[in-house]
Amino acid sequence: GSTGTGGAGSTGSGSSGGVGVGASVGVNVGVNTIQAEIEDQAAVSGKGNVTLEARGEHLQTTEVTGGAQGASVSFTPVAAVTVGVNTTISRLGAGAEMKVGGGYRSMAEQKSESTSTATGQTQGEKLAIGASLALNTSVDTVKSSIERDLDAGGGVTVEAKGVAKSSATATASA
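Residues numbered from 1 in each chain as written. Predicted model: local features only at pLDDT ≥ 70, side-chain atom pairs only at ≥ 80, totals over all residues. Heavy atoms only, no water.

1. A short note on the overall build of the protein
Part 1: When helices and strands are tallied, the protein shows 0 helices and 14 strands.
Part 2: Beginning at the N terminus, the succession of helices and strands in the protein can be written as β-β-β-β-β-β-β-β-β-β-β-β-β-β.
Part 3: For the protein, with 174 residues in total, the buried portion stands at 37%.
Part 4: Sequence-distant contacts, at least 24 apart, represent 82% of the contacts inside the protein between residues at least 6 apart.
Part 5: Counting every atom, the protein has about 8,600 Å² of accessible surface; 51% of that belongs to carbon and sulfur. (Helix = DSSP H or I, 4+ residues; strand = E, 2+ residues; numbered from the N terminus. Buried < 20%, exposed > 50% of the residue type's maximum accessible area, 1.4 Å probe, protein only. Contact = heavy atoms within 4.5 Å. Areas by Shrake-Rupley, 256 points an atom, 1.4 Å probe, with all protein chains shown as cover.)

2. Structural notes on the sheet that holds strand β7 (residues 86-91)
Part 1: Pairing in this open sheet of 3 strands is parallel, and the strands run β3-β7-β11 from one edge to the other. Two strands in the sheet have a free side with no partner beyond their single neighbour: β3 (32-37) and β11 (140-142). Within this sheet the neighbouring strands show an average axis-to-axis angle of 5°, counted without direction.
Part 2: Strand direction decides the pairing type here: β7 and β11, joined by 3 bridges, are parallel. What sits directly across from Thr88, in β11, is Val142. (Pairing = 2+ DSSP bridges. Axes fitted to C-alpha atoms, helices over the stretch in contact; angles between N-to-C directions.)

3. Overview of a nonpolar patch on the surface
Part 1: A cluster of nonpolar side chains, contributed by Val19, Val21, Val73, Phe75, Leu127 and Ile129, occupies part of the molecular surface with about 500 Å² of accessible area.
Part 2: Assignment of secondary structure puts Val73 in the loop between β5 (57-64) and β6 (78-82).
Part 3: Owing to a relative accessible area of 30%, Val73 belongs among the partly exposed residues under this scheme. (Patch = residues over 30% accessible without salt bridge, like charges linked within 9 Å, V, L, I, M, F, W, Y side chains within 5 Å. Salt bridge = Lys/Arg side-chain N within 4 Å of Asp/Glu carboxyl O.)

4. Quick word on the pattern of salt bridges
Part 1: Under the defined criterion, the tally for this structure stands at 7 salt bridges.
Part 2: With a shortest N-O distance of 3.3 Å, Arg55 and Glu109 are connected by a salt bridge. Here Arg55, found in the loop between β4 (51-52) and β5, pairs with Glu109, found in strand β9 (residues 109-118); they are 54 residues apart in sequence, far enough to count as distant.
Part 3: By relative accessible area, which is 35% here, Arg55 ends up partly exposed.
Part 4: The class of Glu109 is buried, set by a relative accessible area of 18%.

5. A closer look at the environment of Ile129
Part 1: With respect to the element layout, Ile129 can be found in the loop between β9 and β10 (132-136).
Part 2: Under the relative-accessibility criterion, Ile129 is labelled exposed at 51%.
Part 3: Along the primary structure Ile129 and Ser173 are separated by 44 residues, whereas in three dimensions their C-alpha atoms are 7.8 Å apart.

6. Structural notes on unusual backbone geometry
The phi torsion of most residues other than glycine is negative, and most of the peptide bonds are trans.
Part 1: At Asp40, a position not held by glycine, the phi torsion is positive, near 50°.
Part 2: By the secondary structure assignment, Asp40 is in the loop between β3 and β4.
Part 3: For Asp40, a relative accessible area of 43% puts it in the partly exposed group.
Part 4: Backbone geometry at Ala96 places phi at a positive 60°, although glycine is not the residue there.

Here it is, written out as structure tokens:
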């Protein structure tokens, strides 16, 4: 199973009367892969159990605000960037022997979270500069593999779990 939430927000404003600006940027990239497979030269035998599971839960949030006011110079670039790339795999793969007759489990589980917030603000009337940057980048990989030869008969469990959180907050004002 997989759950993914992503978002990027951006708000900006500026006022005139001798410069002003009020830039905002928000970038949110995701790229999630979840996979559970027996492939390569497949052929699975039976008489009980074989389980492959791969889960994943990915949440990314990017919030950006901006500002600038009354001018006579003001400035406020703000940026918040979140990238991601999460992978969750559980695989048997490659070829030949695999009997089973009960048992064998493989698993891979992953949770991930990433948040970036950058705010800004700035007033002006004879200069006020504010800059904010919140950057977040993640590359999570969770894997569980065997790549063949397996004669279970009731045992074998291979698991890989992972949890990753990340947060970045930047606030600037003048």
